[in-house]
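As a plain string of letters, each chain reads:
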Amino acid sequence: MIAFEVLRRAEAEGAYASDVLHAELGARVASDNAALATEITFGVLRWRRLLDFLLDRHLKKATAQLDLPVALALRMGLYQLRFLERVPARAAVNESVELVKRARKASAASLVNAVLRRASTEAGEWPAGAATESVERLLPTKLDLADRLGILHSHPTWLVERWLQNFGESPTLALLKANNRTPNLSCAVHDPAQREEVFAALKRAGLHVEPGQLLSAAFASSGGSPARTESFRRGSISIQDEASQAIPLLLGVKSGDVVLDLCAAPGGKTPPLVRAASRSGLVVAADRHAHRLRVMRNQFERLGLEGVQVVELDAARGLPFGRQFDRLLVDAPCSGTGTLARHPEIRWRLRPEQLSEFHQLQVGILASAIKQLAPGGRLVYSTCSMEPEENEDVVAEVLAGAPSIKQVSQDAVAKSLAPHLIPGIDPRNLIDADGQFRTSPATPHTDGFFAAVVEKQ
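Reading the values: the criteria
Residues numbered from 1 in each chain as written. Predicted model: local features only at pLDDT ≥ 70, side-chain atom pairs only at ≥ 80, totals over all residues. Heavy atoms only, no water. Buried < 20%, exposed > 50% of the residue type's maximum accessible area, 1.4 Å probe, protein only. Helix = DSSP H or I, 4+ residues; strand = E, 2+ residues; numbered from the N terminus. Arc of directions from axis to C-beta. Contact = heavy atoms within 4.5 Å. Expected span 1.5 Å × (residues − 1). Pairing = 2+ DSSP bridges. Core = buried A, V, L, I, M, F, W, Y, C linked by side-chain atoms within 4.5 Å. Phe/Tyr/Trp six-rings, centres within 6.5 Å; stacked < 30°, edge-to-face > 60°. Axes fitted to C-alpha atoms, helices over the stretch in contact; angles between N-to-C directions.

Among all positions of helix α2 (residues 17-24), only A17, V20 and L21 are buried. End-on view of α2: buried residues confined to an arc of 100°, all on one side of the axis. Facing away from the buried side of α2 by over 90 degrees, the exposed positions are D19, H22 and A23. Its buried side turned inward, α2 meets α1 (2-12) and α3 (31-46).

So this is what it looks like as structure tokens:
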């Protein structure tokens, strides 16, 4: 089964499930099978802790301590039993047994069969993502709030603890629930004049299209893969979360500007910069990894973008440019805690100490970047993280040593974003009093992004 191999690679090799799925689900895979494989893959990743808690009740050794193929087969089987009504219980159990046999773990087949049969008859069902009495009464009576929420909503305790401290109980609960929902498949139309034509072509291809939540150029797609359509192949659309689409718009790039996209790969935020700068401007797209630069070049070729200067460099070690830039985007590498609905495997890989490691890296990159900012120039620092150490703390530390760099006011940031929003949306709902852009998976159901906008006096 495709889902089994994707989950195996995600855990054993550290691969991203979405990337492996994209490679595995070629045109030869029927759409129904592709949808089921996707559902099981992401369902198991999102609900892993809760699945393990329920499985461990029937095991002598914890699920996480079993051989990986056995643990995956048990998780997949239980996920189908508990969350997928369309999969018969017998089929879910039998398929999991066959998986361990094909993985050369036949000695565990009887264990998988027995555990899943007992689990399938265990009383109590609950709607995905909701804690109910039927589950809560299985928990130990003396369990603190972070552990209880961590099990019921399948997040690591340390992450729940810090969100409770940073956001409070109600926002944390909303965030946990949002991270276990299937995120919107958001896309962008690159030429507003072709919007209706593109929508008509996507509908003819069998996709269902709905307007975006924030941006006039955005839309949500379902019922198929936009990447398989002619509109995608010819560069009329791209697949990108709405919050991510908003980040380059905060720069306010004008025709003729010289622009640096410092952590550009895989290239999703560069195209609007190129179009805004026009042929009279210059855009440099940089990244430290050669393989990611190759992906970015392919993206630019699909979109028909010409004249982008692609540079391989390590921004944390200083920049080699002899000139300054009018506009500079630093979409920094980060923990990704704002993308746990889209990349659920991150919640199981991330360790608390990595937040300070990311902080140091981000400070180094931003400190290098502001040295290249021209007088009167604007810089946007962004992450897809929910953590203060990677967001406002980075900006505060760097700006403390750069007196000529000031954060842009809420009204000025709103002015840059407003022309791109759906009519009726107040940009100040997305921008706090310090002029910092923020979104959350809980509302408006995008990825969680942070951006600070600064200018050189």
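Now that the structure is up, let's keep going.
It is worth spelling out helix α5 (residues 68-83) at this point. The terminal C-alpha atoms of α5 lie 22 Å apart, and with 16 residues this matches the ideal 22 Å at 1.5 Å per residue to within 8%. Within α5, 15 of the 16 residues are buried, which leaves it mostly tucked inside the rest of the structure.

Right, let's get into the environment of L152. Note that L152 resides in helix α9 (residues 145-152). When the C-alpha positions of L152 and F199 are compared, they lie 40 Å apart, and in sequence the two are 47 residues distant.

Here we come to the pairing of strand β12 (residues 450-456). Successive side chains on a regular strand alternate, one facing one side of the sheet and the next facing the other. Within β12, 6 of the 7 residues are buried, which leaves it mostly tucked inside the rest of the structure. Judged from the 2 bridges that link them, strand β11 (residues 437-438) and β12 form a sheet pairing that is antiparallel. Each bridged residue has a counterpart across the sheet, and for F437 the counterpart in β12 is A451.

All right, on to the nonpolar core then. Membership of the largest hydrophobic core comes to 51 residues, with the highest contact counts inside it found for L74, M76 and L116. With 10 residues, α5 is the single largest residue contributor to this core. In terms of nonpolar packing, the next biggest core, distinct from the first, is built from 38 residues, A246, L250, V274 and A414 among them.

Further remarks concern the packing of aromatic side chains. For the coordinates displayed, the defined rule picks out 4 aromatic pairs. Measuring from ring centre to ring centre gives 4.9 Å for Y79 and F83, while their planes differ by 15°; the resulting arrangement is stacked. Of this pair, Y79 and F83 both sit in helix α5, separated by 4 residues, roughly a single helical turn. F83 carries the same exposure label as Y79, and that label is buried. Judged by centre distance (5.1 Å) and plane angle (65°), the rings of F199 and F219 are edge-to-face. Remark: F219 occurs in strand β3 (residues 218-222) and F199 occurs in helix α12 (residues 195-204); sequence separation between them is 20 residues. Grouping residues by exposure puts F199 and F219 together as buried.

Spatial strand order, β2-β3-β1-β4: 4 strands in an open sheet with antiparallel pairing. Strands with a single pairing partner mark the edges of an open sheet, and in this sheet they are β2 (208-211) and β4 (237-239). In this sheet, adjacent strand axes meet at a mean angle of 35° when their direction is disregarded. Strand direction decides the pairing type here: strand β1 (residues 186-189) and β3, joined by 3 bridges, are antiparallel. What sits directly across from C187, in β3, is F219. In the packing of α12 onto the sheet, the strands contacted are β1, β2, β3 and β4, and the crossing angle to β2 comes to about 150°.

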